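# A structural walkthrough
Chain by chain, the residues:
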Amino acid sequence: MTQHSDDSAAVITMQGVSKWFGHTQVLADVDLSVSPGERLILCGPSGSGKSTTIRLVNRLERHEKGTIRVCGVELAENDRDLEKIRGDVGMVFQHFNLFPHLTVLQNCVLAPTLVKKRSANAARDEAMQYLERVRIPELAHKYPGQISGGQKQRVAIARALCMQPKVMLFDEPTSALDPEMVKEVLDTMVGLARDGMTMICVTHEMGFAREVGDRVVFMDAGRVVESGAPEAFFNAPQTARAQAFLGQLIAH
Amino acid sequence: MDWITLRTYLVPLSEGSLWTLALFFSSAFFAVALGLLVCLCRLSSAAIPRKLAKTYIEIIRGTPLLLQLFFIYYGLPELGIVIDGFVAGVIGLSLNLGAYLAELFRSGIQSIDSGQYEASRALGLTKLQRMKNVVLPQALRNVFPALGNYALVLVKETSLVAVISVYELMRAGEMLAGATFQALTVYTLVGIIYFMMCSVVSWVFRTSERRLSVPGYWSGSGENNDMSKA
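Residues numbered from 1 in each chain as written. Chains lettered and ligands numbered in written order. Predicted model: local features only at pLDDT ≥ 70, side-chain atom pairs only at ≥ 80, totals over all residues. Heavy atoms only, no water.

Moving on, we come to the overall build of chain A. A tally of regular secondary structure across chain A gives nine helices and ten strands. In terms of C-alpha radius of gyration, chain A reaches 18 Å, essentially the compact-globule figure of 18 Å for 252 residues. Oriented by its inertia axes, the alpha-carbon framework of chain A measures out at about 50 × 45 × 35 Å. The 252 residues of chain A split such that 57% are buried. Taking all contacts inside chain A whose residues are at least 6 apart in sequence as the whole, residues at least 24 apart take part in 66%. (Helix = DSSP H or I, 4+ residues; strand = E, 2+ residues; numbered from the N terminus. Rg over C-alpha atoms; globule rule 2.2 N^0.38 Å. Buried < 20%, exposed > 50% of the residue type's maximum accessible area, 1.4 Å probe, protein only. Contact = heavy atoms within 4.5 Å.)

As structure tokens, then:
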């Protein structure tokens, strides 16, 4: 497995991580490390554990075995630093999960004011900056029910950025979108990557993976099967599982 | 109808109305507080509060309100617990409505998509902040039309406490009808007053529903509450 850099500098390290849902093992001995500024692409068939892997990073799920360190803090049974870790890790979901009773701007300022205790004015100014960055400042006073899927996902990205995270996690951010809206979201993510944001993206968008990915990690049945540079992985996958998976993606 | 006759009707009926309003507001207050508390117990992960809440809800919903009032007012004194009629009425009405509201609130909270919890957890909100800022505002909007219904039911159920000789609008009407032998006139007037009270409650809820409306999710008109995700 290619390590991008030594573990001591890594933003996220996972060592021997295993997880079970009931009797089903969903992750088996996963080792993973992400260095600052790295853009990691996680791919694999559904049920391979890629979403679970990133959900472990901000503790939406708990691991049963192994160690996970996020920004130097080990995720352990007692979660005294949990809110801090979650502040350092931004997450974007497949189904956006915007708060429908709040305007776009209110969605963005909620966590900074409640969790980071930012003043209302400061939080609003920062939120507007991020909304400009995702190029939808004009939607600030709309409700999620009034905007398109692509716009919702860009709001979700801005909302996560408002916490000024050190890492951004993307869980299939374009899978629930109509085809014509995929590009606007990917463009936003490319922009983020250019600015040097550390990112882990669960995605099947190969064009995106090639353009911004530093490394692709391919998972199957809860294990990391293959890992390498995007060009090498997409052009010449080493394992039979990866070959079969990519064959299906292309055929599709 | 001359002025004197009108006064013999209107004075007791307005007094009765004030007591009915007092019953309504105090019972509504305690029922909402109780409903929230029982609902949280019902959803708690701890077994004892959950079971207690469930038992309470089952008992209340499984017996008539009239019986509950009789139990409190006539039954409890045998155990040495003597409660004033008005207080007994408020206790009975609150205990009764509280059980129904607990179930209503539970359905409202459970209707919130798990993605809402995940997003607020991922943003670092504490459990209390998640409830207060994300879950409850949405749950309230979901149950608001039904809440209005319960408010209307309560206005009318306050009349049941007349049977435990609490002086309120219904009891005032009964006494007046007995004294004047004008049952038709008296009960028509009483009916009109209840109807007016209900109209006001109904208007308050309609207006609030409009104020709570959110484009695309809670329309505020009571129809087309499209909760589907885009």
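So, next bit.
Before going further, it helps to examine the packing of aromatic side chains. What the rule picks out here adds up to eleven aromatic pairs over all chains. Plain terms: the ring middles of F218 of chain A and F233 of chain A are 5.9 Å apart, the flat faces sit at 35° to each other, and that makes the pair tilted. You can see F218 of chain A sitting in strand β9 (residues 215-220) and its partner F233 of chain A sitting in helix α8 (residues 230-235), a full 15 residues away along the chain. In this structure F218 of chain A comes out as buried when scored by relative accessible area, which is 0%. Residues F233 of chain A and F234 of chain A carry aromatic rings whose centres are separated by 5.3 Å and whose planes lie at 75° to one another, so their mutual orientation is edge-to-face. When sorted by exposure, F233 of chain A lands in the same class as F234 of chain A, which is buried. Sitting above the plane of the F99 of chain A ring, R159 of chain A keeps its charged end 4.6 Å from the centroid. Directly above the ring of W218 of chain B sits R141 of chain B, whose terminal nitrogen or CZ lies 5.8 Å from the centroid. (Phe/Tyr/Trp six-rings, centres within 6.5 Å; stacked < 30°, edge-to-face > 60°. Lys NZ or Arg CZ within 6 Å of the ring centre and 35° of its normal.)

Residue and element names in this part refer to chain A. Taken together, four strands build an open sheet; the order of strands is β2-β1-β4-β5 and the sheet is antiparallel. A single partner strand is all that each edge strand has here, and the edge strands are β2 (24-34) and β5 (73-74). One ladder, built from seven bridges, connects strand β1 (residues 12-21) with β2; its direction is antiparallel. Counterpart to K19 in the pairing with β2 is L27. (Pairing = 2+ DSSP bridges.)

Another point: the sheet that holds strand β10 (residues 223-228) of chain A. Residue and element names in this part refer to chain A. Spatially, six strands are ordered β6-β7-β8-β3-β9-β10 in an open sheet, and the strand pairing comes out mixed. The sheet is open, and its two edges are formed by β6 (89-92) and β10, each paired on a single side. For this sheet, the mean inter-axis angle between neighbouring strands, taken without regard to orientation, is 20°. The pairing of strand β3 (residues 39-43) with β9 spans four bridges and is classified as parallel. By the bridge assignment for β9, C43 is matched with F218. Contacting β3, β7 (167-171) and β8 (198-202), helix α6 (residues 179-194) crosses the sheet at an angle of about 150° to β8. (Axes fitted to C-alpha atoms, helices over the stretch in contact; angles between N-to-C directions.)

Turning our attention to the interface of chain B and chain A. Each partner contributes residues to the interface: chain B has 25 residues there, and chain A has 28 residues. Buried surface at the junction of chain B and chain A, summed over both partners, amounts to about 2,300 Å²; 62% is from carbon and sulfur atoms. On the chain B side of the interface with chain A, the three residues burying the most area are R121, A122 and L123 of chain B, jointly 26% of the side's total. At the junction of chain B and chain A, the tally comes to one salt bridge. Between E118 of chain B and R55 of chain A there is a salt bridge; the shortest N-O distance is 2.8 Å. (Buried area = accessible area lost by both parts, 1.4 Å probe. Salt bridge = Lys/Arg side-chain N within 4 Å of Asp/Glu carboxyl O.)

Picture a little ball the size of a water molecule; that probe, rolled over the atoms, points out where space is still empty. Residues and elements named next belong to chain B. Counted as a void, the largest pocket has a volume near 370 Å³. Lining the largest pocket we find 15 residues, and of these L40, L43, Y117, K127 and M131 sit closest to its centre. For the lining of the largest pocket, the elements supplying multiple residues, two or more each, are α1 (3-43), α4 (85-110) and α6 (127-157). Looking at the lining of the largest pocket, the element that brings in the most residues is α6, giving six residues. (1 Å grid on protein atoms, 1.4 Å probe; cavity = no way out; pocket = protein on both sides within 12 Å on 5 of 7 lines; lining within 4 Å. Points joined across faces, edges and corners; volume = space filled by probe spheres on them.)

What is expected of a backbone is that most residues other than glycine have negative phi and most peptide bonds are trans. Residue and element names in this part refer to chain A. In this structure, Q164 is a non-glycine residue whose phi angle is positive, near 50°. Within the secondary structure, Q164 is located in the loop between α5 (149-161) and β7. Relative accessible area serves as the criterion here: at 41%, Q164 is assigned to the partly exposed category.

Here we come to the side chain of E103 of chain B. Note that E103 of chain B resides in helix α4. With sequence-adjacent residues up to four places away left out, E103 of chain B is seen in contact with R42, I57 and R61 of chain B.

This part takes up the environment of G16 of chain A. Within the element layout of this structure, G16 of chain A appears in strand β1. Sequence-wise, G16 of chain A and A28 of chain A are twelve residues apart; in three dimensions their C-alpha atoms are separated by 7.4 Å.

On to the packing of helix α3 (residues 104-114) of chain A against α5 of chain A, then. Residue and element names in this part refer to chain A. The interhelical angle for the contact between α3 and α5, taken along N-to-C directions, is 25°, at an axis separation of 8 Å. Judged by the inter-axis angle, α3 sits roughly parallel to α5. For the pair α3 and α5, the sense of crossing is right-handed. Across the interface between the two elements, V104, N107 and C108 from α3 touch V155, A158 and R159 from α5. (Parallel < 35°, antiparallel > 145°, perpendicular 65-115°, else oblique. Left-handed = near helix turned anticlockwise from the far one by under 90°.)

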